[in-house]
Amino acid sequence: KLCLRSNKIEKIPKEIINLINLKELRLEFNKIKLLPIEIGNLINLEKLHLYNNEIKKIPKEIGNLSKLKLLLLNSNQINSIPTEIGNLINLELLYL
């Protein structure tokens, strides 16, 4: 579990993308505008907290996170969701 909530982060640090065994990533209450496509490399991620940021677009690579159970994207500026979100077969909770 990695918790970086409420830190005024504007960009997801590249080093996080290398943490392929990470199960939970908490980045809520920051100033993130862009999700890198490499987010799809976190294949063991089960919980992703991205609410209360400034995200406008979700990359299609989010669909690679097949173990994801919780995806919290509410309170952002998202105007469309990629169809690949349908690949999240273990998703139990989705907040937009």
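You'll find the structure just up there.
A brief structural summary. (Residues numbered from 1 in each chain as written. Predicted model: local features only at pLDDT ≥ 70, side-chain atom pairs only at ≥ 80, totals over all residues. Heavy atoms only, no water.)

1. A short note on a nonpolar patch on the surface
Among the surface-exposed residues, Ile-81, Leu-94 and Leu-96 lie close enough to one another that they form a single nonpolar patch of about 250 Å² accessible area. Tracing the backbone through its elements, the reader meets Leu-96 in the segment after strand E5 (93-95). (Patch = residues over 30% accessible without salt bridge, like charges linked within 9 Å, V, L, I, M, F, W, Y side chains within 5 Å. Areas by Shrake-Rupley, 256 points an atom, 1.4 Å probe, with all protein chains shown as cover. Salt bridge = Lys/Arg side-chain N within 4 Å of Asp/Glu carboxyl O. Helix = DSSP H or I, 4+ residues; strand = E, 2+ residues; numbered from the N terminus.)

2. Digging into the packing of aromatic side chains
The description of an aromatic ring pair rests on the distance of the ring centres and on the angle between the ring planes. A full pass over the atoms with the stated rule returns one aromatic pair. Ring centres of Phe-29 and Tyr-51 lie 5.5 Å apart, and the angle between their planes is 80°; on these two criteria the pair is classed as edge-to-face. Residue Phe-29 is found in the loop between strand E2 (24-26) and strand E3 (47-49), and its partner Tyr-51 is found in the loop between E3 and strand E4 (70-72); the two are separated by 22 residues along the sequence. Using a relative accessible area of 36% as the deciding quantity, one classes Phe-29 as partly exposed. (Phe/Tyr/Trp six-rings, centres within 6.5 Å; stacked < 30°, edge-to-face > 60°. Buried < 20%, exposed > 50% of the residue type's maximum accessible area, 1.4 Å probe, protein only.)

3. A word on the environment of Ile-85
Position of Ile-85 among the secondary structure elements: in the loop between E4 and E5. The class of Ile-85 is buried, set by a relative accessible area of 17%. Taking C-alpha positions, Ile-85 is 20 Å from Ile-32, a pair spaced 53 residues apart along the chain. Not counting residues up to four positions away in its chain, the partners in contact with Ile-85 are Leu-71 and Leu-94. (Contact = heavy atoms within 4.5 Å.)

4. Observations regarding the sheet that holds E5
Pairing is parallel in the open sheet, where five strands are placed in the order E1-E2-E3-E4-E5. Since the sheet does not close on itself, it has two edges, and those belong to strand E1 (2-3) and E5, each with one partner. Relative to E3, E2 runs parallel, the two sharing three bridges. Considered in E3, the bridge of Arg-26 is made with His-49. (Pairing = 2+ DSSP bridges.)

5. Notes on the pattern of salt bridges
For the structure shown, the criterion picks out five salt bridges. The salt bridge partner of Glu-46 is Lys-23, with a shortest N-O separation of 3.8 Å. Of this pair, Glu-46 sits in the loop between E2 and E3 while Lys-23 sits in the loop between helix H1 (14-17) and E2, and the two are 23 residues apart along the sequence. Since its relative accessible area comes to 24%, Glu-46 is described here as partly exposed.

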